[in-house]
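# Topology and contacts: notes
Next come the chains, spelled out residue by residue.
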Amino acid sequence: MSELLHRNVIILFILLCCLIPSSFQECSNIFCSNVFDEVCGFARSVDGTRLFKKFHNYCHLQKIKCKLKSIIDINQVPDKFCNIRKKTRYISGSGRRVHDFSIVGAHQACNHTCPTFCVDTYEPACAQIWKGNMDSYDYRPMINHCHIDLFSCALGVNVTIQPLGFHLCPTQNMSQRRKWEPLKKVGIIGVPFEKGQKKYGVSVAPAAIRAAGLIEHLNSIVGLDVKDYGDIDTSAPDAEVNVHNMAHLSQVSSCNKKLSARVSQVLKDGRVAVTIGGDHSVGVGTVDGHFNVNEDMILIWVDAHADINTNKTSGSGSVHGMPVALLVKELSDYWPYLPTMDWQVPKFSIKNLGYVGLRSVDEYERLAIEKYNVPTFAMEDIDEHGIRKSINHILQVLDPEMNKPIHVSFDIDSLDALEAPSTGTPVRGGLSLREAINLMEIIHSTGRLRAVDLVEINPALGDESDRKRTIEAGLCVLKASLGFSRRGTAPRGVLDLPVQTHH
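Now for a quick tour of the structure. The residue numbers shown here count from 1 along each chain, following its written sequence. Residues qualify for local features only when their pLDDT is at least 70, as the model is predicted, and side-chain atom pairs are given and counted only at 80 or more; totals for whole chains, interfaces and linings, by contrast, use all residues. The side-chain values count all of the structure's non-hydrogen atoms but skip hydrogen atoms and water molecules.

By definition, disulfides here are pairs of cysteine sulfur atoms that lie within 2.5 Å. Applying the stated rule across the entire model yields one disulfide. Bridging Cys-40 to Cys-82, the disulfide has an S-S length of 1.9 Å. Here the S-S torsion is close to 65°, and the disulfide linking Cys-40 with Cys-82 is therefore right-handed. Taken as a pair, Cys-40 in strand β1 (residues 39-44) and Cys-82 in the loop between β3 (74-77) and β4 (88-90) lie far apart in primary sequence, 42 residues in all. With respect to burial, Cys-40 and Cys-82 carry one shared label: buried. Each helix is a run of H or I in the DSSP string that is no shorter than four residues. Each strand is a run of E no shorter than two, and both are numbered from the N terminus. We call a residue buried when its accessible area falls under 20% of the maximum for its residue type, exposed when it is over 50%, and partly exposed in between, using a 1.4 Å probe and counting protein chains only.

Right, let's talk about the sheet that holds β3 for a bit. Strand pairing in a sheet relies on backbone hydrogen bonds. The paired strands run either parallel or antiparallel. Taken in spatial order, the three strands make up an open sheet running β2-β1-β3, and their pairing is antiparallel. If you trace the sheet from one side to the other, it starts and ends with β2 (50-55) and β3, each paired once. Neighbouring strand axes in the sheet, compared pairwise and without regard to direction, differ in orientation by 35° on average. Here β1 runs beside β3; their pairing, made up of four bridges, is antiparallel. Each bridged residue has a counterpart across the sheet, and for Cys-40 the counterpart in β3 is Val-77. DSSP-based pairing: two strands are paired if at least 2 bridges between them are found. All axes here are fitted lines through C-alpha atoms, helices being fitted over the stretch that makes contact, and every angle between N-to-C directions spans 0 to 180 degrees.

This next bit is on unusual backbone geometry. Put simply, Gly-277 and Gly-278 share a cis peptide bond, and its omega is 15°. Along the polypeptide, Gly-278 turns up in the loop between β11 (272-277) and α9 (283-291). In this structure, His-248 takes a positive phi of about 55° despite not being glycine. Mapped onto the secondary structure, His-248 falls in the loop between β10 (225-231) and α8 (249-268). For His-248, a relative accessible area of 33% translates into the label partly exposed.

The next subject is the packing of aromatic side chains. Each Phe, Tyr or Trp ring (for Trp, its six-membered ring) is paired with any other whose centre lies within 6.5 Å, and the angle between the two planes then decides the class: stacked below 30 degrees, edge-to-face above 60, tilted in between. In total, this model carries three aromatic pairs according to the counting rule given. Ring centres 5.0 Å apart and planes at 40° place the aromatic pair Phe-42 and Phe-52 in the tilted group. On the criterion of sequence distance, the pair formed by Phe-42 in strand β1 and Phe-52 in strand β2 is long-range, its members being ten residues apart. Among the residues examined, Phe-42 registers a relative accessible area of 15% and is labelled buried. Where Phe-52 meets Phe-81, the ring centres are 5.4 Å apart and the plane angle is 5°; that geometry is what we call stacked. Of this pair, Phe-52 sits in strand β2 while Phe-81 sits in the loop between β3 and β4; the two residues are 29 residues apart in sequence, bridging distant segments of the chain. Site record: aromatic cluster; members linked through ring pairs are Phe-42, Phe-52 and Phe-81. Definition used: whenever NZ (Lys) or CZ (Arg) falls within 6 Å of the ring centre and also within 35 degrees of the ring normal, the charge is taken to sit over that ring. The cationic tip of Lys-227 hangs over the ring face of Tyr-229; the distance from NZ or CZ to the ring centre is 4.7 Å.

Put into structure tokens, the structure is as follows:
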């Protein structure tokens, strides 16, 4: 009996250490770097049975200790009890002796925190990245040393910084990395279109947002050159086509074909394409137009809904719930022939898609996300990790080389309904406005944002206060994406406060 109890205690301990429930929120603020510095943990069961277990490092031991404090007590003991033998080696050129697999960013090991923000100053550094089994490694150029720390901490790899110039990271490869800077030229496109959904009013949004001072708000951003390319002609074609469970297809197609050409024009003019919808079916045209110019683009879909239904899986038949499925080539075989859509050939890969803010996802949409392993931070994930870690993870997964243009398609219903009530499909429990602003500030700081859509604002819904709050939220999101600083901006060329003379 005692042998069986002993075995059960060991099994329980191992399972608890490996499969810790995420519900232990009191320990969620302990974030451990994956510095490989093994320590030995000791636990004693209620019947006195002793158990020793290796932990990745001291922080990991403390995190498990925190999560299991109500079940079992774990303490660090000398390494010899777990048969840990730490080898030492010399870092070439450093003249100091360190443990194997150490990290130059030693503050991570001591404080167990990640750097929260990296300036994209181009100061190339070389990263040594250890493989999971810790017996081999790769070398990789990074944009600067801060990004190496962030990469190490966020992805859980062990990294050793090597000085620039080592033959391990060829300098010619590093110097060829494209240097990205935020574009200071913007092109505005209005799309007064609402046939992708069933409620009147979303077509009024471009005019309402312009009337609220869109151009003036953007011109207040220092150095920003703003050009308004006007509205897309959304007049209906002569004949409607009939496709099962897909309303107004010919009108959706006609509008998006014109929009695609306009977005491509704005990008070729060297401007960020800012599209004001309209419902989210216009995402077909904006992404298609962007892809025609930048085939290596990545797409961040910020929305309460995944919008990846086909006409077969949609519960409403509204095309504003289908744009992602229309765009990605991996789902092209799941569609019937779509008359009037021959102009749009699905070329964009779902491997370049990421989701932020989801909280109302249909079952087949969830199946598609899981089948293709789309990096997705639903609201429960954002609650756990925060908006900064969430978007940084998505960007790292989609573009580890930090070298691809970014397209953000922002549905206003990604915000909580209290922040943006005037929208057709509000869902409670969404992003706060501060989270949305921070999200767009982070994307802007990459220098790679080339297109942003703002869709689904419906001024016909709610009262005057609702309309004003929703439009103001949309303007805040756009300003953050284009470089507005909440810190404020000092006057250019002025070094001192004005001096007043006394008479």
